[in-house]
Amino acid sequence: MSTRKNSGKPKARDPDSGPAAASAATGPSLPGSPLNSSTSGVAQPPANVSKGATTMATGSNPIMFLDLSKNNQDAIKRALADVNDLSLQFKQNEGLPQDLEQQLLNDLQFLSNAGQTDSVPVANLPPGIKIPPSQAPPPEAQPQDLKSTPTAPTVLDPMFSGVWDLTAAPINQLKAGVRDTMFKITGNLVGDIDINGEFPSQRPSGPPKGVGVSAPGGGGSSAAAAPALAAPSPKDLTLPEKQLAAVYGLMENDSLTDPTVERFVPGVSTALGEYTASQALFDGVLNIILSLGQTTDGTGVPFRQVRAHEWTSVARTLRAQGVQANDALLALKVQTTLAGQVGGGDATPPSSIDIDLPDLEAQSDIEIQSDNLQAMQAIYFAAQLEDLKVFQVVDKLVELFQNGMLPLGKGNAGNTLYDYWKQAIKRMTETERRNLYFRTFGFAGGDSSAGAPNREFNDLWLRFVSAVSSYARQVTVENLLRTNIPIPVSQQQVKKAARDLGANLSLHGYGIGYFAATELQNQIREIIGLLSDSDIKTAYGARDMWQVIDQVASLELGGAKNSIRYRTMATSGAIIIRWLAEHAAVLVSTDQIIVLDVNQLRNLNSLRARGVKATVKPTDRDLVDACDQWLAVTGTADKSVEDYAQPVEAPNLTSRPIYVPQVARDLLESVGIQAPGGANGSTMMRKS
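Residues numbered from 1 in each chain as written. Predicted model: local features only at pLDDT ≥ 70, side-chain atom pairs only at ≥ 80, totals over all residues. Heavy atoms only, no water.

Chemist: Which parts of the structure should I look at to understand the packing of helix α3 (residues 66–93) against helix α4 (residues 98–113)?
Modeler: For any two helices packed against each other, the geometry comes down to the angle between their axes and how far apart the axes lie. Packing of α3 against α4 leaves a shortest axis separation of 9 Å and a crossing angle of 140°. With respect to their mutual orientation, α3 and α4 come out oblique. In this structure, α3 meets α4 at a crossing whose hand is left-handed. Seen from α3, the contacting residues are I76, A79, L80, D82, V83, L86, S87 and Q89; seen from α4, they are L100, Q103, L104, D107, L108 and L111. Along the lines of polarity and charge, the residues of the contact of α3 with α4 split into 9 nonpolar, 3 polar and 2 charged. (Axes fitted to C-alpha atoms, helices over the stretch in contact; angles between N-to-C directions. Helix = DSSP H or I, 4+ residues; strand = E, 2+ residues; numbered from the N terminus. Parallel < 35°, antiparallel > 145°, perpendicular 65-115°, else oblique. Left-handed = near helix turned anticlockwise from the far one by under 90°. Contact = heavy atoms within 4.5 Å. Nonpolar A, V, L, I, M, F, W, Y, C, P; charged D, E, K, R; others polar.)

Here you go:
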């Protein structure tokens, strides 16, 4: 993954003033300013641009590959966003796990190599972490020197440059991209593209026409501005550069853009063979598209723009139609086919139109709201403590204190009980709490008039917990036996179960959920502080708060519950729901994303950073442990776990509450069907 080292900020051209023909042929023009994004939420000024300086210095009508440029800029944006997110995680959790800290350092090194450090929010970086110096090779480096040692990547696009570990010494390329895979096949070392999508031959320091080998990272700084030439002569790409651009475009068309997949390297070889077999046609199509893409920047200096995937798609379509490179109507056929790539018309041959379906996810809101799941985490936690009689124990203590039956003198315990009694009118009553549990999780004890219960939760919960537990067991067994037998529960089955459960919790977390959750959280903290008071524990001869709860429940509330069971369910359930909240964006994605890190699952001793709680930032290992603990304390049989781990059709769920008019609700309830009440599926909770 390599680009050239820019001197200062990269120079970018402004093609906005180009002719209409170029716009029609190649689509939107490249933005006129280089990337200088910020993920801190504060608008950043654009990078200083010396328009026309690079172009006028070359005087050669250079070629810009817009898709290569865009992919690289998108990768830079992702790295900047990653740095900001990891920095925020460090502040919130007062540290980062070792793997995340390595990821942060790797991102910073990438940005330093790419010359994008001006966009990094330095003030937000964790203490002790600084932007490292660039590892890019010097401009005077020779190709033979760069072949013997790993060349530091300066292009962030992994498809171009591969996947790297820049924190290793020496740096290590984990997966080769198109550029380095091509070098292994052909032996020709092609230089890096710059921020504009230009190869070295199109830049002032690039090799003259006909030179086939250039050093990665060997681009020099832009020369001083010079008067524009009246009629610049085109400067052609070298053969290795054409091969690289063609292979890149063909693999884009085939959706082989991830260098970590097994088909990537064979795909490079296949694409190179496709270009070589029809090189004359590919080159002829490129020349025609470049003439259509002729435009000028803001200073009137000409340059040419093209997209590699459009060029190769047009050439591939014409080759399939039997068109030869010496066809007298090649230019017309290229324009017709290219127009079909942009949008087919009545006269466009169907075979020349690519199938490019719209992204349905891009037009929709995220169906899993992280805030809603965080609210449901606190409500679930409170519901388990409710079953343990924690709230009732405190209410009984207040009652005994009020009636003079609790042997407490002047002290902190008395102050806390008195304040708790005075603030009772501001807290939710037991009936209101149970109605909330009933509506959000379908737990027993609520009033059906308070809204429709969450009937799907229990089944979806068991399916997700079972799927995670089964997958982790299979990964562990596979690791021990080193078997190649496919495991019955896949990553996508776990993702499907997680998405179903997350969507269900998100839907029922709307409305009062988040606000009730914050109140319950504060109340639980008050209760823990009260029951942990030494005077309260002494009054009941208890050594901890759980013995106080058992004593009061046994003496005053008709019997104690199994505190270990409910404590484990509360904590493990909170971890599971928080994991869903932290992975909401991944779960709603339609991409084939790895949901659980197999390395974490196999490492039973994987640790979180100091001070980071599993209920706030759970790892994948925390999730598996929580699922196993929940299944163990609830006595779920292994046979049931296996059955629930198998996928079923997802329930019909909306992404947000749907208001049902009162007339319709009355009609449904008259025939015995419970309809959602109000705008959120529940009636208004009232304070008594």
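Chemist: I'm lost on the side chain of R578 in this one. Help?
Modeler: As for its placement among the helices and strands, R578 is situated in helix α22 (residues 563–582). With sequence-adjacent residues up to four places away left out, R578 is seen in contact with Q374, Q377, T615, V616 and P618.

Chemist: Please explain the sheet that holds strand β1 (residues 63–65) as it appears in this structure.
Modeler: As a general point, the strands of a sheet are linked pairwise by backbone hydrogen bonds and lie either parallel or antiparallel. Read from one edge to the other, the open sheet built from 3 strands follows the order β1-β5-β4, with strand pairing classed as mixed. The sheet is open, and its two edges are formed by β1 and β4 (294–296), each paired on a single side. Shown here is a sheet whose adjacent strand axes are inclined to one another by a mean of 40°, direction ignored. Note that β1 and strand β5 (residues 302–306) share 3 bridges and pair parallel. Looking across to β5, one finds that F65 is bridged to V306. Strands β1, β4 and β5 of the sheet are contacted by helix α10 (residues 279–292), whose axis makes an angle of about 125° with β5. (Pairing = 2+ DSSP bridges.)

Chemist: For this particular structure, what's the right way to read the pattern of salt bridges?
Modeler: It is possible for side chains of opposite charge to pair when their charged atoms get near one another. A complete count under the given rule lists 19 salt bridges for this structure. The partner of K242 in a salt bridge is D236, with the nearest N and O atoms 3.2 Å apart. Notably, a salt bridge pairs D638 with R473, separated by 3.6 Å at the nearest N-O pair. Residue D638 is located in helix α26 (residues 638–645), and its partner R473 is located in helix α17 (residues 457–481); the two are separated by 165 residues in the primary sequence. Residues participating in the shared-partner salt-bridge network are D254, E274, R316 and R319. (Salt bridge = Lys/Arg side-chain N within 4 Å of Asp/Glu carboxyl O.)

Chemist: So what exactly am I meant to see when it comes to unusual backbone geometry here?
Modeler: Residues other than glycine predominantly adopt negative phi, and peptide bonds predominantly adopt the trans conformation. For the bond running from A169 to P170, omega is 0°, close enough to zero to count as cis. Checked against the element boundaries, P170 lands in the loop between β2 (163–165) and β3 (172–175). If you check the backbone angles, K389 has positive phi at about 70° while not being a glycine. Among the secondary structure elements, K389 is positioned in the loop between α13 (370–387) and α14 (390–402).

Chemist: Hey, could you run me through the packing of aromatic side chains in this one?
Modeler: One pair of aromatic rings is described through two measures. These are the centre distance and the angle between the planes. Enumeration according to the criterion identifies 14 aromatic pairs in this entry. Between Y380 and F441, the ring centres sit 5.5 Å apart and the planes meet at 70°, which makes this aromatic pair edge-to-face. With a gap of 61 residues between them, Y380 in helix α13 and F441 in helix α16 (residues 430–441) connect regions that are remote in the sequence. Assessed through its relative accessible area of 1%, Y380 is described here as buried. Assessed through its relative accessible area of 2%, F441 is described here as buried. Connected via pairs of aromatic rings, a cluster forms that spans Y380, F441, F443, F457, W461 and W630. Here R427 stacks its cationic end above the ring of Y420, 3.6 Å away from the centre of that ring. Here the guanidinium or amino end of R565 rests over the ring plane of Y566, the centre of that ring lying 5.5 Å away. (Phe/Tyr/Trp six-rings, centres within 6.5 Å; stacked < 30°, edge-to-face > 60°. Buried < 20%, exposed > 50% of the residue type's maximum accessible area, 1.4 Å probe, protein only. Lys NZ or Arg CZ within 6 Å of the ring centre and 35° of its normal.)

Chemist: Sorry, what's going on with α22 here?
Modeler: Residues that lie three or four places apart on an α-helix share one face, since the helix turns once every 3.6 residues. For α22, spanning 20 residues, the distance from its first C-alpha to its last is 28 Å, which sits close to the expected 28 Å at 1.5 Å a residue. Summarising burial for α22: 15 of the 20 residues are buried, a large majority. (Expected span 1.5 Å × (residues − 1).)

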